[in-house]
Amino acid sequence: MTQTAIAAEHLVKSYGSIKAVDGLSLNIRKGEVYSLLGPNGAGKTTTIEILEGLRRPDEGNVSILSMDPWKNAVELRRKVGVMPQGFNFIAKITPKEAIRHYCTLFGVPDNSKELLELVDLTDMARVSFEHLSGGQKQKLGLCLAMANSPEIIFLDEPTTGLDPQARRNMWDVIKRLKSEGKTLLLTTHYLEEAERLADRVGIVDHGRMLAEGTPDDIIGEHGNGLYLRISGTAELASRIRSATGLECSSKDGLVDIKIDANENIVNVLRVVESVHSKLSVLELKREGLEDVFVKMVGRMEGNE
Ligand SMILES: Nc1ncnc2c1ncn2[C@@H]1O[C@H](COP(=O)(O)OP(=O)(O)OP(=O)(O)O)[C@@H](O)[C@H]1O
Ligand SMILES: [Mg+2]
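Residues numbered from 1 in each chain as written. Chains lettered and ligands numbered in written order. Predicted model: local features only at pLDDT ≥ 70, side-chain atom pairs only at ≥ 80, totals over all residues.

**Points about the overall build of the chain**
Okay, step 1: Within the chain, the secondary structure is distributed over 11 helices and 13 strands.
Okay, step 2: Overall size of the chain, expressed as C-alpha extent along the three principal axes, is 75 × 45 × 40 Å.
Okay, step 3: Burial statistics for the chain: of 304 residues in total, 36% are counted as buried.
Okay, step 4: A separation of at least 24 residues holds for 68% of the contacts in the chain among residues at least 6 apart in sequence. (Helix = DSSP H or I, 4+ residues; strand = E, 2+ residues; numbered from the N terminus. Buried ≥ 20, exposed ≤ 12 C-beta atoms within 10 Å, placed from the backbone. Contact = placed C-beta atoms within 7 Å.)

**What to know about the packing of helix α3 (residues 95-106) against helix α5 (residues 134-146)**
Okay, step 1: Closest axis-to-axis distance for the α3/α5 pair is 9 Å, and the angle between their directions is 20 degrees. Judged by the angle between their axes, α3 and α5 are roughly parallel. As α3 runs across α5, the sense of the crossing is right-handed. Contacts between α3 and α5 involve Pro95, Ala98, Ile99 and Tyr102 from the former and Leu140, Cys143 and Leu144 from the latter.
Okay, step 2: Residue classes in the contact of α3 with α5 are distributed as 7 nonpolar, no polar and no charged. (Axes fitted to C-alpha atoms, helices over the stretch in contact; angles between N-to-C directions. Parallel < 35°, antiparallel > 145°, perpendicular 65-115°, else oblique. Left-handed = near helix turned anticlockwise from the far one by under 90°. Nonpolar A, V, L, I, M, F, W, Y, C, P; charged D, E, K, R; others polar.)

**Looking at the sheet that holds strand β6 (residues 152-156)**
Okay, step 1: One open sheet holds the 6 strands; their spatial order is β5-β6-β7-β3-β8-β9, and the pairing between them is mixed. Both outer strands of the open sheet, β5 (80-83) and β9 (208-213), are each paired with one neighbouring strand and no more. On average, each strand axis in the sheet is tilted by 15 degrees relative to the strand beside it, whichever way the strands run.
Okay, step 2: The pairing of β5 with β6 spans 4 bridges and is parallel. Across the sheet, the residue bridging to Met83 is Leu155, located in β6.
Okay, step 3: Packed on one face of the sheet, helix α1 (residues 44-52) meets β3 (33-37), β5, β6, β7 (183-187) and β8 (200-205) and runs near 155 degrees to β6.
Okay, step 4: Each of β3, β6 and β7 touches helix α6 (residues 164-179); the most contacted strand, β7, lies at about 150 degrees to it. (Pairing = 2+ DSSP bridges.)

**So, the site of ligand 1**
Okay, step 1: Surveying the vicinity of ligand 1 reveals the residues Tyr15, Ile18, Ala20, Gly38, Asn40, Gly41, Ala42, Gly43, Lys44, Thr45, Thr46 and Gln85.
Okay, step 2: Those elements giving two or more residues to the shell around ligand 1 turn out to be β2 (18-29) and α1.
Okay, step 3: The leading source of residues in the shell around ligand 1 is α1, at 3 residues.
Okay, step 4: Partitioned by chemical class, the residues of the shell around ligand 1 number 4 nonpolar, 7 polar and 1 charged. (Near = placed C-beta within 6 Å.)

**A few points about helix α10 (residues 262-274)**
Okay, step 1: Under the 1.5 Å per step criterion, the end-to-end length of α10 is 19 Å for 13 residues, consistent within 8% with the ideal 18 Å.
Okay, step 2: Along α10, the positions that sit buried rather than exposed are Val268, Val271 and Val272. One side of α10 carries all its buried residues, which in axial view fall inside an arc of 100 degrees. Those residues of α10 that are exposed and angled more than 90 degrees off the buried face are Asn262, Glu263, Val266, Arg270, Glu273 and Ser274.
Okay, step 3: Buried residues belonging to α10 abut β10 (226-231), α9 (234-244) and β12 (254-258).
Okay, step 4: The positive-phi residue at the C-terminal boundary of α10 is His276, with phi of around 55 degrees. (Expected span 1.5 Å × (residues − 1). Arc of directions from axis to C-beta.)

**So, the domain arrangement of the chain**
Okay, step 1: Partitioning the chain into structural domains gives domain 1 (4-79 + 150-221) and domain 2 (224-286).
Okay, step 2: Centre-to-centre separation of domain 1 and domain 2, based on C-alpha positions: 40 Å. (Domains from an automatic or database assignment.)

**Quick look at the environment of Thr122**
Okay, step 1: If you trace the backbone, Thr122 turns up in the loop between α4 (112-118) and α5.
Okay, step 2: Residue Thr122 is classed as partly exposed on the basis of its C-beta count, with 15 C-beta atoms lying within 10 Å.
Okay, step 3: In this structure, the C-alpha to C-alpha distance between Thr122 and Ser112, residues 10 residues apart in sequence, is 9.2 Å.
Okay, step 4: Look past the residues within four positions of Thr122 in its chain and what remains in contact with it is Leu116 and Glu117.

**Structural notes on the sheet that holds strand β4 (residues 59-64)**
Okay, step 1: Here 3 strands make up an open sheet; going across it, the order is β2-β1-β4 and the pairing antiparallel. Each of the sheet's edge strands pairs with one partner strand only, and the pair in question is β2 and β4. For this sheet, the mean angle separating the axes of adjacent strands, direction not counted, is 15 degrees.
Okay, step 2: Where strand β1 (residues 4-15) and β2 come together, 9 bridges link them in antiparallel fashion. By the bridge assignment for β2, Lys13 is matched with Val21.
Okay, step 3: Contacts from α1 reach β1, β2 and β4 within the one sheet, and its direction differs from that of β1 by about 120 degrees.

Here's what the structure looks like:
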């Protein structure tokens, strides 16, 4: 039987008149990598802080490893690691000192050498926090979240502001944590990252869950499938539409045609050939998580 690591039922949290979390439920199993996605202000950080036991919800229940994060705060502190959004620390402390300090607090052996190597921060081990770059600070944040070898790790935007190499390094660390059986809840604004790393994603906006499932399931259910993108004008789009009956849209010199059978492609190219249109773009594309996300969140904002 699969065991639940994180369960939340109907969470509600308001700040004055702002309802940051509005009836959100979550169920994350042990060993799962789950990514909360949503636009700025969607309620991701507030939700994570409730799960971490840092904020009390106005309504709803939370269970972390079958414990209440408020009542069992001390016990859970040993089993949960946290990397907050925009991680910050004491200016004069070096990464090595910071990790050692955490290890002492948690009563675990000093693992600073191994952790600094893991995130490629060994060279900065003795530089004070205030002199680290933004990305180096994030890396230290990840080390501190891992210092007590937790079972569950909350990572709130761990890769924001990282260079491409450092981001890939962070992905490797996340994959390694998963292979060790850890449960991870992470947020990100990089949809491609969620698609790569997460077993399941939850798309939230205005504190509510809009869609939840594996990236493939969400793309399958809410995506528009395959489409052919070619260079061309609105006039070409209208010709293709009337000749083939296919769904067609045009924007910025590109025509997108929805494809549901191979012969659609041949038929479209026949129209292109018949009007002697010269193609500079010819691509077969599949809607990804980002396309689905933009459509969903756009709809919520009334942009469509
Ligand atoms: N301490 C607070 N006091 C008042 N309002 C807050 C507080 N924290 C968050 N909010 C509001 O709650 C809403 C949700 O914020 P939250 O930080 O949870 O969003 P988020 O999804 O993490 O956004 P981002 O992607 O920008 O990090 C926002 O409208 C925000 O302004
Ligand atoms: Mg946030």
